[in-house]
Amino acid sequence: MNGRPTVAIVGGGILGMTAAYRLAQNGVRVALYERSHDLGGLVGSFDFEGYPVDRFYHVILPTDDRVRGLAEELGLGDRFRFRPTKVGFYGDGGLFSMTSPKEFLTFPLLRPRDRMRLAAFVARCQLTKDYGELDQTPLLEWLRRRSGRNVLERMWRPLLDSKFDGHYDDLPATYIWARTRRMSKTRDKSGAEVMGWLDGGYQTLIDALEHKIKALGGRVYAGTAVDRIVSRGGATAGLSVEGGFRPFDFVLCTLAPPMARSLLDQELLEQAPADHCRYLGVVCLLLRTRRSISPYYHLNITDRRIPLTTIVETTHVVDPERVGGHLVYVSKYVDPSSELHQRDPEELERELLGHAKTIFGDLRDEDVVSSVVQRARVTEPVHTLGGAGNLPEMFSVPNLALASTAHVYPEIVSGQAVTGVAQRVVPGILERLRREERMAA
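We now turn to the structure provided with this report. Throughout, residues of each chain are indexed from 1 in the direction in which the sequence is written. Since the coordinates come from a predicted model, pLDDT governs what is reported: local features require at least 70, and pairs of side-chain atoms require 80 or more to be given and counted, while whole-chain, interface and lining totals use all residues. Remark: hydrogens and water are excluded; side-chain values derive from all non-hydrogen atoms of the structure.

When helices and strands are counted, the protein shows 14 helices and 19 strands. Summarising its shape, the C-alpha atoms of the protein cover approximately 70 × 50 × 45 Å along the three principal directions. In the protein, which comprises 441 residues, the share counted as buried stands at 56%. Total accessible area on the protein is roughly 18900 Å²; 50% of this is exposed by carbon and sulfur atoms. Of the side chains in the protein, 57 bear a positive and 55 a negative charge, and the two mean positions are spaced by 5 Å. Here a helix means four or more residues in a row that DSSP labels H or I, a strand means two or more in a row labelled E, and each is numbered from the N terminus. Burial status follows relative accessibility: with a 1.4 Å probe on protein chains alone, a residue under 20% of its type maximum counts as buried, one over 50% as exposed, and anything between as partly exposed. Computed by Shrake-Rupley with a 1.4 Å probe, the accessible areas treat only the displayed protein chains as cover when residues are assessed. Positive charges are assigned to Lys and Arg, negative charges to Asp and Glu, while His and the chain termini are left out of the count. Charge placement uses NZ in Lys and CZ in Arg. For Asp and Glu, CG and CD serve respectively.

What follows is the structure, encoded as C-alpha cells:
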C-alpha cells in the first residue's frame, strides 16, 4: 500500500468515522467497514417519507467543543442553530414546566423545603470537580442524603426507573452528578435553556467526514459486513469480509463489546478485556405532526402509570420545514432482552401513541401526518458501582484496538463524549504503528 501503514475500522458511527478521519490525516491508509448501507449508526438519519430525519433524537449543547470544533474544521461551523427551549415534567396526571428560575422555585410537584434542597444539590454538583469518591458511592444512598427522601421518591426514583427499565440499584453517584453538570451547561446568562442542532443533523457531519476520508485516500465500505477479526500467531492479522481475507497492519473495532466480542477469533477473544457493563436498548415511536404537540423540547415523566422514559419534540430546535412538520419522539429505554424488541410494530405504535395521548389530551389521530417505530437493542452502556476501575483496556490485544461507548465514563453518552473516545484511541494506534515501523527498520 505504497509503504503507508494500513488500518481497518469496523463500524461507521461517529466514533469510527472520526477515528478514520484523524488516522487518514496522519498518513494512514484507512478502510472503514459498516454493515448498514447508511453511515452514522445511532446518530444517523433515515428517509422519513421524503425527508432526512434523525433516527433517534440528539442535541448539541453550546459547550460541546469537540463536536463544534470538528464541524468547524470540516467547514460546517456556520451550520449550527441554537435556540431557547423548555423542559417539563409529567407527574400526578399533569404537565409542569421547570425552565426558568421562577418555575423552579414554584415547582408544584415538590414542597418548598424540597425545592430548596434540590437547588442546593444541583449547586453542589456544579462545585464538585473530582468524581473519584462518587464512583464508589451508591447512587440511591447519595441522592437520599444530598437531596432528601421526598425528592428521591417524588423525582429521582421514578426518573431512574423509567431510564433504566427498573434496574438501577447498583449505579454509582456519578450518573446523576455527570448528567446534572452536563445539562446545567444548557443555560445562558439569563437562565434560559439553550440547545442546538447542526443543520441536517449529525448526518451532515458524517457525510462531511466521509468526503474528507476519501479525499485523503481512505476507503469507506457501507453495506459491507465484517465476518471475523482474524488472528495469526496470537496477533490480529486483518479481517474476513464477505468470505475473503483482507490483511491490515492494525484493526480498530468501534462496536459495543457484545458485538465486538462476537467477531473475534478465539485466540483474540481470550486476550480481550472483560466487559463489566450491562446495556440499554430503546424503542421509539417517531411522529410527524401537523402542529406542535408539546410545549417542551424534553419532557421528563415521573408519573409511573405512564411507562415511558421521555417525549422529545425536536422541532423546538430543528427547523420544521426541513423535516416536513413537527417531530415528536415517544421513547422508552428497555433491557436488550425486552419483549418490546419483538413486539408487532403496529401494536407497539398503538401502545406508545396511547400513552402520548394520555399526556397530551388534545392530541388527535388527525394531527399525525406519519409515524414509524424505531428500535435498537444496544444504545448505551450502563456502568455500575466502581465503574472507573472497570473500564476496558483499549489495547489488550496485539494489533487491535477495542474502543466504543463502553469507554464513555463518567460522561453521559453523547456526540461530545464519543468524539472524546476517538481522541483517546487514535494517538495509541499511531504510537503502535510507529513502533512497528521502527522495529521493521
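Further notes follow.
Here, any two strands with at least 2 DSSP bridges between them count as paired. With parallel pairing, the 5 strands of this open sheet are ordered in space as β9-β2-β1-β13-β19. Sheet topology places β9 (219-222) and β19 (400-402) at the edges, where each strand pairs with a single neighbour. The average angle at which neighbouring strand axes cross in this sheet is 15°, direction not considered. Where strand β1 (residues 6-10) and strand β2 (residues 29-34) come together, 5 bridges link them in parallel fashion. Considered in β2, the bridge of I9 is made with L32. Whether two residues touch is decided by their heavy atoms; if any such pair falls within 4.5 Å, the residues are in contact. Convention adopted: a line fitted to C-alpha atoms gives each axis, helices being fitted over their contacting stretch, and angles between N-to-C directions are expressed from 0 to 180 degrees. Against the sheet, helix α1 (residues 14-25) contacts β1, β2 and β13 (250-253), and its axis sits at roughly 170° relative to β2.

Strand residues, when the strand is regular, have side chains that alternate between the two faces of the sheet. Across the two faces of β13 the burial is the same, with F250 and L252 and V251 and C253 all buried. In this structure, β1 lies alongside β13, joined through 4 bridges in parallel fashion. Looking across to β13, one finds that I9 is bridged to L252. Relative to β19, β13 is paired through 3 bridges, and the arrangement is parallel. If you follow C253 over to β19, its bridge partner there is L402.

On to the nonpolar core. One broad trend across soluble globular proteins is that nonpolar side chains are buried collectively. In this structure, W142, L143, W156, L160 and I176 are the most contacted members of the largest nonpolar core, which totals 50 residues. Per-element tally for this core: the top contributor is helix α7 (residues 149-163), with 6 residues. Excluding anything up to four places from it in sequence, L143 contacts F121, G148, L152, W156, L160 and I176. Within the second largest apolar cluster, 46 residues are counted, among which are L39, F80, L205 and A403. We call a set of buried Ala, Val, Leu, Ile, Met, Phe, Trp, Tyr and Cys residues a nonpolar core when their side-chain atoms join them within 4.5 Å.

Turning next to the packing of aromatic side chains. The rule is short: rings of Phe, Tyr and Trp, with Trp giving its six-membered ring, pair when the centres are within 6.5 Å, and they are stacked under 30 degrees, edge-to-face over 60, tilted in between. Scanning all chains against the criterion turns up 11 aromatic pairs. For the pair F80 and F82, a centre-to-centre distance of 6.0 Å together with 20° between the ring planes defines the contact as stacked. Residue F80 is classed as buried on the basis of its relative accessible area, which comes to 10%. In this structure an aromatic cluster arises from ring pairing among Y33, Y221 and F248. The side chain of R246 reaches across the aromatic face of Y221, ending 5.6 Å from its centre. For a Lys NZ or an Arg CZ to count as sitting over a ring, it must be within 6 Å of the ring centre and within 35 degrees of the ring normal. It is R288 that lies over the ring of F48; its NZ or CZ is 4.3 Å from the centre.

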